[in-house]
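Letter by letter, the chains look like this.
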Amino acid sequence: SPFWNIPGPEPKSFLLGNLGELLQKPVGLAEFEWQKTYGDVVRFGAALGTDQLMIADPKALQHILQSSGYGWRKSPVRREMARLTSGKGLAWADGDVHTRQRKIMLPGFRAPETKFFVPFFISSAEAMCSVWKAAIAKSGSQSDVFNFPDYISRATLDAIGQSEEPLLSRKNFDFWRTRDYHTICWAMYELARQPKLQAKLRNEIQAMEETIADRGNSDFTLQDFEEMPLLVAMSKETLRYYPVAIHLYRTASEDDRLPLSKPIVGKSGKIITEIPIPKGTQVIGSIQAYNRNKDIFGEDSFEFNPNRWIEGRVQTDTPLGVYANLATFASGMRSCLGWRFTVAELQAFIVVLLRNFQLESTPKLAGIRRESALTMVPTIEGELDKGSQLPLKVTLLPNNL
Ligand code: HEM
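The rules behind these values
Residues numbered from 1 in each chain as written. Predicted model: local features only at pLDDT ≥ 70, side-chain atom pairs only at ≥ 80, totals over all residues. Pairing = 2+ DSSP bridges. Helix = DSSP H or I, 4+ residues; strand = E, 2+ residues; numbered from the N terminus. Axes fitted to C-alpha atoms, helices over the stretch in contact; angles between N-to-C directions. Contact = placed C-beta atoms within 7 Å. UniProt positions renumbered as here; feature names shortened; annotations may be inferred. Buried ≥ 20, exposed ≤ 12 C-beta atoms within 10 Å, placed from the backbone. Parallel < 35°, antiparallel > 145°, perpendicular 65-115°, else oblique. Left-handed = near helix turned anticlockwise from the far one by under 90°. Nonpolar A, V, L, I, M, F, W, Y, C, P; charged D, E, K, R; others polar. Core = buried A, V, L, I, M, F, W, Y, C linked by C-beta atoms within 7 Å. Domains from an automatic or database assignment.

A. Looking closely at the pairing of strand β10 (residues 368-373). Sheet topology places β10 next to strand β11 (residues 375-380); six bridges connect them, and they run antiparallel. Bridge pairing in β11 places E371 opposite V377. Following β10, the chain reverses through one residue before pairing antiparallel with β11; L374 in that reversal takes a positive phi of roughly 70°.

B. Looking closely at the sheet that holds strand β9 (residues 357-360). Read across the open sheet, the three strands follow the order β4-β12-β9; overall the sheet is antiparallel. The open sheet is flanked by β4 (143-147) and β9, the only strands paired with a single partner. When strand polarity is set aside, the average angle formed by the axes of neighbouring strands in this sheet is 30°. Bridge analysis of β4 against strand β12 (residues 391-396) gives five bridges, and the strand direction is antiparallel. Bridge pairing in β12 places S143 opposite T395. Together, β4 and β12 form the strand contacts of helix α7 (residues 148-164), whose direction differs from that of β4 by roughly 75°.

C. Broad picture of the sheet that holds strand β2 (residues 51-55). Strand order in the open sheet formed by five strands is β1-β2-β8-β5-β3, and the pairing between neighbours is mixed. Bordering the open sheet on either side are β1 (41-45) and β3 (72-74), each of which pairs with just one other strand. The average angle at which neighbouring strand axes cross in this sheet is 35°, direction not considered.

D. Representation of the UniProt feature "binding site: heme" (unreviewed entry) in the protein in the model. The positions UniProt marks with the feature "binding site: heme" (unreviewed entry) are C336. Mapped onto the secondary structure, C336 falls in the loop between α14 (307-310) and α15 (339-356). You can call C336 buried: it has 20 C-beta atoms within 10 Å. Those residues in contact with C336 that sit more than four places away from it in its chain are V322, F329 and A330.

E. The packing of helix α11 (residues 229-241) against α15, seen in detail. Running from amino to carboxyl end, α11 crosses α15 at an angle of 120°, the nearest separation of the two axes being 10 Å. By the angle between their axes, α11 is oblique relative to α15. Crossing of α11 against α15: the hand is right-handed. Where α11 abuts α15, its residues L231, M234, S235 and T238 lie against V343, L346, Q347 and I350. Looking at the contact of α11 with α15 residue by residue, the classes come out as five nonpolar, three polar and no charged.

F. Local environment of the nonpolar core. Formed by 90 residues in total, the largest nonpolar core has its most connected members in I55, A125 and M188. Considering every element that reaches this core, the biggest residue donor is α15, with 12 residues. Each of domain 1 (1-108 + 246-291) and domain 2 (110-242 + 339-401) contributes no fewer than three residues to this core. With near-sequence residues (within four places) excluded, A125 lies in contact with A155, A348, F349, V352 and L353.

See the structure below:
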């Protein structure tokens, strides 16, 4: 193996190497363990006795995703999966076809367009709240428990259908909204678990509502969202801690040398400052592990804490990604086109839900799992057969009674 000198876990079997741990454990767990033991570049066993690299090192990721252009291509297996799930669209295209398709799609995803989508996001979230209000009224009480993925997945399908209808096929709506609605679910999970954070955010929302009323507008705009520090911090922290796209699969199309942010000590005891890469090498970019990098996000990077953004504690000398130096939306020429859409939609859903309801945990949440199902979805330990689950208690706020 060209990577014999790179430290990493012993393969569990010839057939699957370490892929079982990587793909079947709750999302991120294997990567976090490897990162802690071996660092940000790890050699692990892939199928049939082959070696692969897991990359969370900022400079190496920056090189693969940004600086090398099409030097590192999306792996053929992933492209085929994209073709099967969403057709011969942007996630499948490569080289010139990719450049052309991306140019055509870009006008649907810039900041001005996103501004116009916000009313769609708000109305989709409000429609979902009306369904909950009707169910609560029917139950004769002031609260009820709802399985969030069931509802948020439909509301986000509404939102993406209304806003991107001229650009994307129905198959594409379904593909991309799976990412949005988990992101939103994970944000709601944290808000339900952290009542003080929820109350603080609600105060910020109510203060902004007064400002909006004073200036004679009827509802929030994108600019209002951007002027709410805790809402922005909550969005960044959700996308950092719960990056729903799990891995980035890339293949070197030429021989290359991978630069590293931090040298690693090889198995031979020698210091490695860059890694020679033969053409055809496959690597997995670990979004999960990069997003927990302590040098960038702080010593408490394994805690969910939006304050890190407000206190300005996130810093790096290796810019990566399209939003907040996160790997969540990848980086460079294949970075996510929908990132502005997602951030604005997440913010709209948080605002609408918190101005209508109080969210609370339920006992089942003790068994929550970060499940890998193409994207990262919440499931409950021992109840995988029930699919994605996030049951939260929803109580009408006094102004809604
Ligand atoms: C939280 C939500 C989302 C996350 C975390 C996310 C993440 C990503 C990532 C990591 C990639 C790169 C995949 C790769 O190259 O291997 C990507 C690509 C892409 N995303 Fe997103 N995405 C999200 C939502 C969306 C939405 C809502 C849309 C559309 C409305 C969208 C449209 C795209 C497109 C078109 C690409 C392909 C870009 C290209 O290959 O040039 N994404 N996304």
